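Spelled out from the first residue to the last, the chains are:
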Amino acid sequence: FSFFFFDHHVDRRPLLSPVHLCQNTKNMNESQGSSDGGTAESEDILFDRCVQELELNGYALFPLSTLLQRKQTTISIARSFETARCALDVVSDNIGALVAPPIIDPSSDSGCWTGYHDAAEVNGRYNEYREGFVFSNGDMFDVTSDEGKGDCIDFRYEMNNLFSVMHDDVANGVLRAIERRLELPLLYFHRAFGPTHDSSQWHMKRY
């Protein structure tokens, strides 16, 4: 599984290169207890390193387990990924979806995509071998099944939880680090381009 997050201007042009958050759920650190002395300063170092990778490589790999160790949260990233896996099985295998996501039209503006696409080059050359869900500009949908796929029952809830971690903690943390790197005022991007909560795009993909 891969998770991608893109921030956008209001006119949909990319503001940042993607931050890739790739995790094997078997190795996901599920400890959700209190932080072990983590400070705002140490979190800043994590995001500063992320920005260095963006600068050098055009992308960054971010250690979710390290972030979660420093957070007091009841949100389970592994559970969100498992829920998405179940939903992809339901949609891609046509297993009696009671509520199915919108199917993405590959000819439409990809900056506004919300829904499901299969693994096909027509959905973009990067999607030739991967399927997944795309969420844009605060839009959300649900996926439920009549085949006893209980793990999918909280799809909307789990995706909203995942978005809150990826946006509020990770994306905002990266933006703050870019501000430090460029010596910009605090909250520069928020003030210059508006809130990204409903002007951004994120992806949940499976290869």
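Thresholds, definitions, all that
- Residues numbered from 1 in each chain as written.
- Predicted model: local features only at pLDDT ≥ 70, side-chain atom pairs only at ≥ 80, totals over all residues.
- Heavy atoms only, no water.
- Phe/Tyr/Trp six-rings, centres within 6.5 Å; stacked < 30°, edge-to-face > 60°.
- Buried < 20%, exposed > 50% of the residue type's maximum accessible area, 1.4 Å probe, protein only.
- pLDDT = per-residue confidence, 0-100.
- Contact = heavy atoms within 4.5 Å.
- Helix = DSSP H or I, 4+ residues; strand = E, 2+ residues; numbered from the N terminus.
- Salt bridge = Lys/Arg side-chain N within 4 Å of Asp/Glu carboxyl O.

Turning our attention to the packing of aromatic side chains. All chains considered together, the criterion is met by nine aromatic pairs. Ring plane angle 10 degrees and centroid distance 4.9 Å describe the contact between F135 and F141, whose orientation is recorded as stacked. Between Y188 and F189, the aromatic rings sit 5.4 Å apart at their centres with planes inclined by 75 degrees, giving edge-to-face as the arrangement. Classification of Y188 as partly exposed rests on a relative accessible area of 33%. The class of F189 is buried, set by a relative accessible area of 9%. Three or more aromatic residues joined by ring pairs form one cluster here, namely Y116, F133, F135, F141, F155, F163 and W202.

So, on to the confidence of the model for the protein chain. Residues of the protein chain with pLDDT of at least 70 account for 70%, and the chain-wide mean is 77. Low confidence marks residues 6-18, where pLDDT is under 50. Its contacts with residues over four positions away, or in another chain, come to 39 contacts. Here residues 21-38 is modelled with pLDDT under 50, and outside its nearest four sequence neighbours on either side it reaches 42 contacts, counting other chains as well.

Checked against the element boundaries, P102 lands in the loop between strand 4 (97-99) and strand 5 (115-117). Each C-alpha atom, one on P102 and one on G115, is 4.6 Å from the other, the two residues being 13 residues apart in sequence. Each residue touching P102, except ones within four places of it in the same chain, is listed here: T114, G115, Y116 and F141.

Considering all chains together, one arrives at eight salt bridges under this definition. Between D48 and R180 there is a salt bridge, with the nearest N and O atoms lying 2.9 Å from each other. Highlighted residues: D48 in helix 1 (residues 40-57) and R180 in helix 4 (residues 155-182), separated in sequence by 132 residues. The partner of R206 in a salt bridge is D89, with the nearest N and O atoms 2.9 Å apart. In this pair, R206 is assigned in strand 8 (residues 200-206) and D89 in helix 3 (residues 77-92), connecting sequence segments 117 residues apart. Of the residues examined, R206 reaches a relative accessible area of 15% and is grouped as buried. Through salt bridges with shared partners, a single network forms among D44, D48 and R180.

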